Amino acid sequence: MLCLGIEGTAHTCGIGIVNSRGKILANASRTYIPEHGGIHPREAARFHAANARLVLNEALKAAKIDIDDVDLVAFSRGPGLGPCLRTAATAARALASWLDVPIVSVNHCIAHVEIGRLTEGAKDPVTLYVSGGNTQVIAFDAGRYRVFGETLDIPVGNCLDVFAREVGIPHPGGPNVERLAREGKHYIPLPYVVKGMDLSFSGLMTEAVRKHRAGSNLRDLCFSLQETAFAALIEVTERAVAHTEKREVMLTGGVAANKRLREMLKLMAREHHAKFFVPPMELCADNGAMIGWTGVLAYRHGVRQKLKDTGVMQRWRTDQVDIPWRNR
Ligand code: ATP
Ligand code: FE2
């Protein structure tokens with residue numbers, strides 16, 4: 001069985017092709033980069049519409065298959081930006097009905113976890129999923145993927161990106177902040193906010209920008225911003241590990257590219273005698289293969305959907321989804 005997975009929650013128009021044994025035959029994508037400022041949902045949706053055909057052709061070519069060989073279509077139903085989600089869902093419905101194959105909808109956050117379990121061999125990890133649009137600590141418990149902690153305001157990737165933009169660090173913000181942080185020498189105290197098991201980054205971002213305007217050294221600020229934000233992420237992930245007594249920790253999402261974050265999480269995992277996993281970056285970032293693979297898992301375990309029940313869910317929560325493939 002070949003599943004075509006369509007990712008379209010935000011910046012990335014991704015199409016992956018995965019077989020029922022979990023072999024990734026293709027993972028093509030194009031990423032929308034706003035000309036200035038943050039993401040504009042309708043512009044991003046137009047980008048998806050304009051690029052879907054190209055990405056589809058790339059994926060089919062890489063997989064060396066014909067569109068008629070596709071047996072199942074999966075798509076990212078949420079969470080994400082409405083216009084982007086609707087564009088990807090429309091493409092998925094059109095393809096499924098034209099090919100006359102089943103369609104399954106996939107939760108984007110769960111797909112991040114499942115692709116890591118597939119390729120890295122993690123069985124039951126506590127996952128720190130950190131990107132421009134999401135910040136969650138996820139672990140499987142009592143039949144569902146539970147969110148053990150999450151941001152109460154902006155995601156950590158967004159915190160780094162907005163800080164970069166405000167202080168004049170060129171795009172892409174995250175990697176450039178990381179590069180400057182390596183040259184930082186002095187820690188500048190910044191607000192560290194952990195509330196229960198949840199996190200907050202907007203006060204941290206605002207204060208870092210304010211300190212820059214007040215004349216603090218930019219390299220020291222980048223260093224301090226990373227140290228503060230990442231320490232908070234590690235604290236919450238560590239508490240989830242301690243609570244669940246799981247022996248695996250996984251890092252994913254676009255911010256997983258950050259070497260300092262990897263180092264800190266790895267250290268924490270080691271202290272808990274837990275194995276540490278990071279999927280390759282093309283699978284940490286938003287991608288179609290993770291949607292395709294999660295679609296395979298769902299379909300193989302009896303998930304069936306009618307076209308009329310595939311409306312997008314902008315705020316679809318990780319813990320709202322039944323996981324039949326882990327409940328046997
Ligand atoms: P999602 O839909 O999952 O929220 P996204 O649209 O934010 O994803 P991703 O490619 O998963 O896209 O992640 C991009 C984010 O990762 C950006 O916020 C970017 O700054 C951040 N990022 C990328 N590289 C690094 C790095 N080296 N250090 C810190 N952050 C990074
Ligand atoms: Fe994502």
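Residues numbered from 1 in each chain as written. Chains lettered and ligands numbered in written order. Predicted model: local features only at pLDDT ≥ 70, side-chain atom pairs only at ≥ 80, totals over all residues. Heavy atoms only, no water.

1. Thoughts on the pairing of strand E4 (residues 72-78)
Counting buried positions along E4 yields seven of seven residues, so the element is predominantly enclosed. The pairing of strand E1 (residues 2-7) with E4 spans four bridges and is classified as parallel. Across the sheet, the residue bridging to Ile 6 is Phe 75, located in E4. Relative to strand E5 (residues 103-107), E4 is paired through five bridges, and the arrangement is parallel. Each residue of the ladder has a partner; that of Ala 74, found in E5, is Val 104. Handedness of the crossover is the feature at issue here: the chain leaves E4, passes through helix H2 (residues 82-99), returns alongside E5, and the resulting connection is right-handed. (Buried < 20%, exposed > 50% of the residue type's maximum accessible area, 1.4 Å probe, protein only. Helix = DSSP H or I, 4+ residues; strand = E, 2+ residues; numbered from the N terminus. Pairing = 2+ DSSP bridges. Right-handed = clockwise from strand over helix to strand, strands pointing away.)

2. Some details on the sheet that holds strand E12 (residues 275-277)
Here we have five strands laid out as an open sheet, ordered E8-E7-E6-E11-E12, and mixed in their pairing. Taken across any chain shown, the strands that pair with only one partner, and hence form the sheet edges, are strand E8 (144-150) and E12. The average angle at which neighbouring strand axes cross in this sheet is 20 degrees, direction not considered. Inspection of the sheet shows strand E6 (residues 126-130) paired to strand E11 (residues 248-252) by four bridges, in the parallel sense. If you follow Thr 127 over to E11, its bridge partner there is Met 250. Lying over the sheet, helix H8 (residues 259-271) contacts E6, E11 and E12, oriented at roughly 170 degrees with respect to E11. (Axes fitted to C-alpha atoms, helices over the stretch in contact; angles between N-to-C directions. Contact = heavy atoms within 4.5 Å.)

3. Some remarks on the domain arrangement of the protein
Per the domain assignment, the segments making up the protein are domain 1 (2-113 + 283-320) and domain 2 (124-279). For domain 1 versus domain 2, the distance between C-alpha centres works out to 27 Å. At the interface, 16 residues of domain 1 touch 20 residues of domain 2. The contact between domain 1 and domain 2 buries some 1400 Å² in all, and 62% of this surface belongs to carbon and sulfur atoms. Between Glu 150 and Arg 317 there is a salt bridge, and its shortest N-O distance comes to 3.2 Å. The tally of links from domain 1 across to domain 2 stands at seven residue pairs in polar contact (both at pLDDT 80 or more). Sorting the residues of the side of domain 1 that touches domain 2 by element identifies helix H3 (108-120) and helix H9 (281-284) as the ones contributing at least two each. Looking at the side of domain 1 that touches domain 2 element by element, the count peaks at five residues for H3. Of the residues belonging to the side of domain 1 that touches domain 2, the class tally is seven nonpolar, six polar and three charged. (Domains from an automatic or database assignment. Buried area = accessible area lost by both parts, 1.4 Å probe. Salt bridge = Lys/Arg side-chain N within 4 Å of Asp/Glu carboxyl O. Polar contact = N/O pair within 3.5 Å; in protein donor to acceptor, adjacent residues only side chain to side chain. Nonpolar A, V, L, I, M, F, W, Y, C, P; charged D, E, K, R; others polar.)

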